[in-house]
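Remarks on the overall topology
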Amino acid sequence: MRVDYDIVVIGGGSGGLVIAGAAAQLNAKVALVEKDRLGGDCLWYGCVPSKSLIHAARVAYEVKNSERFGVCVNTSSVNFSQVMDYVKNVIAAIEPHDSPQRFEGLGVEVIFGSGKFINSDIFEVNGKILKARAFVIATGSRPNIPNISGLKESGYLTNEDVFSLTHCPESLAIIGAGPIGCELGQSFHRLGTKVTLINSHPHLLPKEDPEAADVIEKQFLEEGIKIIKNARADKVEIIGNKKKLRANEQEVMVDEILVCTGRSPNAESLNLESAEVEYDKKGIKVNDKLQTTNSKIYACGDVIGGYQFTHVASHEAVTVITNALFFPINKISYNVIPWTTFTDPELARVGLTETQAKEKYGDNIYVLKQQFSEVDRAQAEGAIEGFSKIIVKENGEILGAHLVGKSAGELIHEIVLAMSNNLKVSALSGIHVYPTLSEVNSKAALLLRKRKFSQNKGLQSILSKFFAIRRSLS
Ligand SMILES: Cc1cc2nc3c(=O)[nH]c(=O)nc-3n(C[C@H](O)[C@H](O)[C@H](O)COP(=O)(O)OP(=O)(O)OC[C@H]3O[C@@H](n4cnc5c(N)ncnc54)[C@H](O)[C@@H]3O)c2cc1C
Ligand SMILES: NC(=O)c1ccc[n+]([C@@H]2O[C@H](COP(=O)([O-])OP(=O)(O)OC[C@H]3O[C@@H](n4cnc5c(N)ncnc54)[C@H](O)[C@@H]3O)[C@@H](O)[C@H]2O)c1
């Protein structure tokens, strides 16, 4: 069958845009189908607005707490609608990079509409038939809304409308203390909202190292955020102009409710059954070449579940480009996937947790933990909370790292570089500029050598004798 396109990309967000742009630049014939606006969740409802809001909230917090540095600011107030204007301006500054004009300029045919598969070979949008050598589904995800009695009737916010608020809610209950709930919860609290976080899990940020998550929890409590853990939100009622939310036996009265309880894949509307593409509530099933159950249809990004991050969608996109355009021989590697939750302090992670490392390697692991309080720059900046924890094998191979502290999201990258290049932990103990926060990693790395030395009684005894002889000969 003759086809019109080398590749048809469905969904113009973090994953789809990388594929469409790169394929067009390689001179492939590309169509990109987008049902809404190019840019996806990350630009409009995710990373970009949340990180901008976090920044504004951090400024508010620093100003309010500047007296600890001897800096007195006479008045401090937050103009919420101006904060939201700031958020919108950041989106507007980044948006041209994802604009239809830019992609059309690269040679991509951009088609707005939400189409569906007719069969294994044809995708139809706005009555137009698209036949391609390969298709990619990169339609992302949407908020998963739990089945909570009265929630729908009472009304609730998600990441899709919270950045459109023009008034700061006086009080806000957040259901779910994963990355979205924690990042937005702390930000709203710092901007003046009374926040209650409700989490069904016994820890905030359940996917993280529990010790690191505890540092975040301590900070939240110090700032006055109310936390209800180990409790599933199960009922909402409207009482006057408030919403009463119940979680197990506890109740909170709030003005607004924000739901952050994970994601559902955007797969249902594509008529995937007709193309023999299998999916379930976690996402579209793919193999390690990112082919769906129909080998000429690929999928990547949030719609396949797994690691739901912008940089992972781009990482997967690279595998899809080479497999779909050339030959399907490249396997995706998830060996070194870092991520960061941008709370204050930040929490960054790559690789295995301590528990996972113990399960896999037994007691043959070392946990190298360096507190920020022993890093001079952290003292200078009053940012002494947190630590760098690097988990290694006896031979120095790095299995994982967990950083919680100021700029942890930046500091994780030297560990990522070391892991990606199979460098031993000793590579991290090389020269670092003094005084910088990144010394937290070199100090952590040195701990392996120190610990091995303290365990090596033979070497200690030899050295004592060696120095005794040297002294006696001087
Ligand atoms: C509040 C929040 C904060 C986040 N912060 C971060 C962060 O700091 N760092 C990070 O790495 N990740 C973050 N993420 C996750 C990140 O946004 C996603 O992992 C990423 O956007 C996934 O990319 P994607 O290409 O799979 O989907 P998206 O970027 O969402 O793109 C999917 C596109 O497909 C379109 N589409 C959907 N259905 C159809 C259809 N039927 N036909 C055509 N088009 C369709 C959508 O309109 C959208 O444009 C955050 C997410 C949220 C919600
Ligand atoms: N900085 C970042 O990289 C960043 C930021 C935000 C989001 N994200 C991505 O978006 C994804 C989704 O984030 P998320 O925070 O919505 O989901 P999540 O799945 O990570 O966390 C959801 C939380 O909700 C809790 N929960 C579920 N149902 C509940 C109920 N009925 N009552 C109380 N608690 C309940 C769970 O215990 C869990 O802690 C993340 O996994 C991540 O991949 C990334």
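Residues numbered from 1 in each chain as written. Chains lettered and ligands numbered in written order. Predicted model: local features only at pLDDT ≥ 70, side-chain atom pairs only at ≥ 80, totals over all residues. Heavy atoms only, no water.

1. Remarks on a nonpolar patch on the surface
- A surface patch of nonpolar side chains, about 370 Å² in accessible area, is lined by Val59, Val63, Phe69, Val71 and Val73.
- Position of valine 71 relative to the elements: it lies in the loop between α3 (47–64) and α4 (80–94). (Patch = residues over 30% accessible without salt bridge, like charges linked within 9 Å, V, L, I, M, F, W, Y side chains within 5 Å. Areas by Shrake-Rupley, 256 points an atom, 1.4 Å probe, with all protein chains shown as cover. Salt bridge = Lys/Arg side-chain N within 4 Å of Asp/Glu carboxyl O. Helix = DSSP H or I, 4+ residues; strand = E, 2+ residues; numbered from the N terminus.)

2. Regarding the pattern of salt bridges
- Under the counting rule described, the total for this entry stands at 28 salt bridges.
- Glutamate 217 is paired through a salt bridge with lysine 229; the nearest N and O atoms lie 2.9 Å apart. With glutamate 217 in helix α8 (residues 210–223) and lysine 229 in the loop between β10 (226–228) and β11 (233–239), this residue pair connects regions lying twelve residues apart in the sequence.
- Judged by relative accessible area, which is 11%, glutamate 217 ranks as buried. (Buried < 20%, exposed > 50% of the residue type's maximum accessible area, 1.4 Å probe, protein only.)

3. With respect to the site of ligand 1
- Near ligand 1 there are 36 residues, and of these Gly15, Glu34, Lys51, Asp302 and Thr310 occur at the shortest range.
- Between lysine 35 and ligand 1, the recorded distance is 3.2 Å, taken from a backbone N or O atom to a nitrogen atom.
- A distance of 2.8 Å separates an oxygen atom of ligand 1 from a polar atom in the side chain of aspartate 302.
- Elements with a minimum of two residues in the shell around ligand 1: α1 (14–25), β2 (30–34), α2 (40–44), α3 and α9 (310–325).
- Taken together, the residues of the shell around ligand 1 sort by class into eleven nonpolar, 17 polar and eight charged. (Near = heavy atom within 4 Å. Polar contact = N/O pair within 3.5 Å; in protein donor to acceptor, adjacent residues only side chain to side chain. Nonpolar A, V, L, I, M, F, W, Y, C, P; charged D, E, K, R; others polar.)

4. So, the UniProt feature "binding site: NAD(+)" (unreviewed entry) in the protein
- Here the UniProt feature "binding site: NAD(+)" (unreviewed entry) sits at Gly176, Ala177, Gly178, Pro179, Ile180, Gly181, Cys182, Glu183 and Gly262. Their sequence span is 87 residues, while the largest C-alpha to C-alpha distance among them is just 13.8 Å; these annotated residues converge on one region.
- Assessed through its relative accessible area of 1%, alanine 177 is described here as buried.
- Among the structural elements, cysteine 182 can be located in helix α7 (residues 179–190). (UniProt positions renumbered as here; feature names shortened; annotations may be inferred.)

5. Observations regarding the sheet that holds strand β12 (residues 242–247)
- Strand order in the open sheet made by the three strands is β11-β12-β13, with antiparallel pairing throughout. With one partner strand each, in any of the chains shown, β11 and β13 (250–254) form the two edges of the open sheet. For this sheet, the mean inter-axis angle between neighbouring strands, taken without regard to orientation, is 20°. (Pairing = 2+ DSSP bridges. Axes fitted to C-alpha atoms, helices over the stretch in contact; angles between N-to-C directions.)

6. Looking at the sheet that holds strand β19 (residues 338–341)
- Overall, antiparallel pairing links the five strands, which are arranged β19-β20-β23-β22-β21 in an open sheet. Because the sheet does not close on itself, it has two edges, and the strands there are β19 and β21 (365–371). In this sheet, neighbouring strand axes are inclined to one another by 10° on average, regardless of whether the strands run parallel or antiparallel.
- The pairing of β19 with strand β20 (residues 346–351) spans four bridges and is classified as antiparallel. Across the sheet, residue tryptophan 339 finds its bridge partner in β20, namely arginine 349.
- Sheet strands in contact with helix α13 (residues 439–455) are β21, β22 (387–393) and β23 (398–405), and its direction is about 130° off that of β21. (Contact = heavy atoms within 4.5 Å.)

7. Brief notes about the side chain of threonine 343
- Looking at the element boundaries, threonine 343 is found in the loop between β19 and β20.
- Not counting chain neighbours up to four residues away, the residues in contact with threonine 343 comprise Arg58, Cys182, Glu183, Gln186, Ile216 and Phe220.

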